[in-house]
Amino acid sequence: GKKEYKPVVLPKEFILLSNVSDGFKLTHHYKRARNYLKVRNITDDMIKKHNIGFCYEGEYSDRIIIPSFDSNRRVNYFIGRSYLTKPLMKYKNPEAEKEIIIWNEQLINWDLPVFLVEGVFDSIFLPNSIPMLGKKISDLLYMLLYKKECNIVIVLDGDAWSDAEKLYHKLNCGKLF
């Protein structure tokens, strides 16, 4: 049957990194979060564009939070990536049906080539890209790409060559290429 979708809300402890007060910038929480992003080569512009924040307490404590917004600028998902050196869990994401969201659809220009990538961090570095949140494309994303008739560039990780090939053949069904 059809899955029931629970609306996603950002954690109440979420702090937007681009809004942090000067006093808070001195805390070790802020420094660890910023350092984690710096090591991953994520710039201030990227932080601002992608509304990246963090939580230093609560259910998502010690995590970078990267939210996704739908075409109406409503939060539809987020990932929580630990910035600790040896976390018990690298990622902690909300209980939600990620198969029925398009990651950051509000940032996509359908008139330009759309890049399909695996993960959210990949999408930060590649403008106009949609992370599939894995190696397989969701039915929703597949149908949307088909409907939009946009040019698609598949950019998967090096270990995903056969997945990229399968995806190419799935998408190469007439009007998409």
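Residue numbering note: each chain is counted from 1, following its sequence as written. Totals for whole chains, interfaces and linings use all residues, but because this is a predicted model, local features are given only for residues with pLDDT of at least 70 and pairs of side-chain atoms are given and counted only at 80 or more. Note that the side-chain values use all heavy atoms of the structure and ignore hydrogens as well as water.

Undergrad: Even after reading the chapter, I still don't get the side chain of S123, so can you show me in this structure?
TA: By definition, any uninterrupted DSSP run of H or I lasting at least four residues is a helix, any uninterrupted run of E lasting at least two residues is a strand, and each is numbered from the N terminus. Mapped onto the fold, S123 is located in helix 3 (residues 120–125). Throughout, a residue-residue contact means that at least one pair of heavy atoms, one from each residue, lies within 4.5 Å. In contact with S123, not counting residues within four places along its chain, are H50, W103, V117, S129 and P131.

Undergrad: I keep staring at the sheet that holds strand 4 (residues 75–82) and nothing clicks. Help me out?
TA: Within a beta sheet, neighbouring strands are joined by backbone hydrogen bonds and run either parallel or antiparallel to one another. Paired strands are those between which DSSP finds at least two bridges. Ordered in space as 1-2-3-4, the four strands form an open sheet in which the pairing is antiparallel. What marks the edges here is a single partner per strand, and that holds for strand 1 (15–16) and strand 4. As paired strands, strand 3 (residues 63–69) and strand 4 are joined by seven bridges and run antiparallel to one another. Residue I66 lies in a different strand from strand 4, and its bridge partner there is I79.

Undergrad: Honestly, the pattern of salt bridges in this entry has me stumped. Any pointers?
TA: Opposite charge on two side chains allows them to pair when their charged atoms are near. Definition used for salt bridges: Asp or Glu carboxyl oxygen within 4 Å of a side-chain nitrogen of Lys or Arg. Summed over all chains, the structure comprises eight salt bridges. In this structure, R34 and D44 form a salt bridge, with 2.3 Å as the shortest nitrogen-oxygen distance. Placement of R34 in helix 1 (residues 28–39) and of D44 in helix 2 (residues 44–49) is noted, with a sequence separation of ten residues between them. The exposure class of R34 is partly exposed, given its relative accessible area of 24%. Throughout this description, buried means an accessible area under 20% of the type-specific maximum (1.4 Å probe, protein chains only), exposed means over 50%, and partly exposed covers the range between.

Undergrad: How should I be thinking about the packing of aromatic side chains in this particular structure?
TA: Remark: the centre distance and the inter-plane angle together describe each pair of aromatic rings, the angle taken between the planes. Within 6.5 Å between ring centres, the rings of Phe, Tyr and Trp (the latter by its six-membered ring) count as paired, and their orientation is classed by plane angle as stacked under 30 degrees, edge-to-face over 60, tilted in between. Counted under the stated rule, the structure contains eight aromatic pairs. Between Y77 and W103, the ring centres sit 6.3 Å apart and the planes meet at 75 degrees, which makes this aromatic pair edge-to-face. Taken as a pair, Y77 in strand 4 and W103 in the loop between strand 4 and strand 5 (114–117) lie far apart in primary sequence, 26 residues in all. Each member of the pair Y77 and W103 is classed as buried. Here the aromatic residues F24, Y30, F54 and Y56 are joined through ring pairs into a cluster of three or more. Any Lys NZ or Arg CZ found within 6 Å of a ring centre and within 35 degrees of that ring's normal is scored as a charge over the ring. Over the face of the ring belonging to Y91 we find R81, whose NZ or CZ atom lies 5.4 Å from the ring centre.

Undergrad: Help me out: how do you make sense of the sheet that holds strand 7 (residues 152–154) in this one?
TA: Across the sheet, three strands lie side by side as 6-5-7; this open sheet has parallel pairing. Lying at the two open borders of the sheet, with one neighbouring strand each, are strand 6 (129–131) and strand 7. For this sheet the average axis-to-axis angle between neighbouring strands, irrespective of direction, equals 25 degrees. Strand direction decides the pairing type here: strand 5 and strand 6, joined by three bridges, are parallel. Within strand 6, the residue paired with L116 across the bridge is I130. Angles run from 0 to 180 degrees between N-to-C directions of axes, and those axes are lines fitted to C-alpha atoms, restricted for helices to the stretch in contact. Strand contacts of helix 5 (residues 161–171): strand 5 and strand 7, with the helix running at about 160 degrees to strand 7, the strand carrying the most contacts.

Undergrad: Just checking my understanding: could you explain the side chain of S82 for this structure?
TA: Topologically, S82 is positioned in strand 4. Polar contacts involving the side chain of S82 include one to the main-chain amide nitrogen of L84, which spans 3.1 Å. Setting aside residues up to four positions removed in sequence, S82 forms contacts with Y36, D62, R63, P87, M89 and K90. The term polar contact refers here to a pair of N or O atoms within 3.5 Å; inside protein, the definition further demands a hydrogen-donor-capable atom paired with an acceptor-capable atom, and it admits residues adjacent in sequence only when both atoms are side-chain atoms.

Undergrad: I'm lost on the pairing of strand 4 in this one. Help?
TA: Regular strands place their side chains on alternate faces of the sheet. Burial analysis of strand 4 places seven of its eight residues in the buried class, which makes it a mostly covered element. Between strand 3 and strand 4, which follow one another and run antiparallel, lie five residues, and R73 among them has a positive phi close to 65 degrees.

Undergrad: Sorry, what's going on with helix 5 here?
TA: Helical periodicity: at 3.6 residues per turn, an α-helix aligns residues three or four positions apart in one direction. Listing the buried residues of helix 5 in full gives D163, A164, L167 and L171. Down the axis of helix 5, the buried side of the element spans an arc of 100 degrees, and every buried residue falls inside it. Exposed side of helix 5, more than 90 degrees from the buried face: W161, K166 and H169 are the residues found there. As for helix 5, its buried residues are in contact with strand 5, helix 4 (139–148) and strand 7. An arc is given here, and it is the one of the directions from the helix axis to the C-beta atoms.

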